[in-house]
Structure formats: structure tokens, C-alpha cells
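Structural features, examined
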Amino acid sequence: MTDNSQENKEVSSISGYHAHVYYDAASKARAARLRVAIEERFDVELGRWRDDPVGPHPTGSYQVAFSPAVFSEIIPWLALNRDGLTIFTHTETGDHLADHRDHAIWLGEQQDLKLSIFE
């Protein structure tokens, strides 16, 4: 993690979160089951399936967008129910580089993101 300043950042600067569920051909069925379970349990906005890497993501994924009010329920649930999938979660503050680099939460194996797209 890169600490660019010693100042405290206000939690109120977080407008939402994105969780990106990573999958490949071998794990897509598990990702599909997880997607259905997420949709049934939480007030979220699900993005489309991306079988190929897109943006900073190194593998196929779909996005789960949610509000700060949902965070305390969905993150522990995902930690317990991710079925071996890697899930990359980040804040939405308007600073895309910092959100993806400095404000990231990994469930599962951390992967290298293509952060150069934000520079």
C-alpha cells in the first residue's frame, strides 16, 4: 500500500464501493452461483460479464456496485461465501488511481492490476 499523505481522509468521501468478482473458464460456474446469491441477498447493481480482462483487471470479472450502507453486510458475507474466487473491492471517492491502489480490499489471492491506465 502506498501512503501518499499523513492526513486523515474522511469516510464521508466514499460515495460507494465496487467489488469485482474474478473468474476464468474453469471457475465461471462458481462465479455464476455467487452472482445469483448476491442478487438475492443484497441491494446491489450488477455489471455485465467480462470474460476477458478489461480496464485494470487482469482476468475476467463482473462488477458488484453497492452503497456504503451495504458494506458491513456484504463484505463479511463475501469473505465467507466466495467459494475460492478472488474478489477485488475498492472505494469510490473520485480518485480512480488511489481507489484501486491505496483503498483496495482483497478477498482471496491479490493480483497485479494494470494501474497505468489511471496515470
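My aim in this report is to walk through the structure given alongside it, one point at a time.

Cut-offs applied
- Residues numbered from 1 in each chain as written.
- Predicted model: local features only at pLDDT ≥ 70, side-chain atom pairs only at ≥ 80, totals over all residues.
- Heavy atoms only, no water.
- Pairing = 2+ DSSP bridges.
- Helix = DSSP H or I, 4+ residues; strand = E, 2+ residues; numbered from the N terminus.
- Expected span 1.5 Å × (residues − 1).
- Contact = heavy atoms within 4.5 Å.
- 1 Å grid on protein atoms, 1.4 Å probe; cavity = no way out; pocket = protein on both sides within 12 Å on 5 of 7 lines; lining within 4 Å.
- Points joined across faces, edges and corners; volume = space filled by probe spheres on them.
- Nonpolar A, V, L, I, M, F, W, Y, C, P; charged D, E, K, R; others polar.

**Focus: the sheet that holds strand S3 (residues 60-66)**
- Read from one edge to the other, the open sheet built from five strands follows the order S2-S3-S1-S4-S5, with strand pairing classed as antiparallel. Each edge of the open sheet is held by one strand with a lone partner, namely strand S2 (45-46) and strand S5 (104-107).
- Inspection of the sheet shows S2 paired to S3 by two bridges, in the antiparallel sense. What sits directly across from Leu46, in S3, is Val64.

**Concerning helix H1 (residues 28-41)**
- The end-to-end C-alpha separation of H1 is 20 Å, in line with the 20 Å expected for 14 residues at 1.5 Å each.
- Residues of H1 that are buried make contact with strand S1 (16-23), S2, S3, helix H2 (68-81) and strand S4 (87-92).

**Observations regarding the layout of surface pockets**
- Counted as a void, the largest pocket has a volume near 240 Å³.
- In terms of lining residues, the largest pocket is bounded by 16 residues, among which His18, His20, Val54, His57 and Gln63 are the most central.
- Of all elements in the fold, only S1, S3, S4 and helix H3 (96-101) reach the threshold of two or more residues within the lining of the largest pocket.
- In terms of residues, the lining of the largest pocket owes the most to one element, S3, which gives three residues.
- Its residues assigned to classes, the lining of the largest pocket shows four nonpolar, nine polar and three charged.

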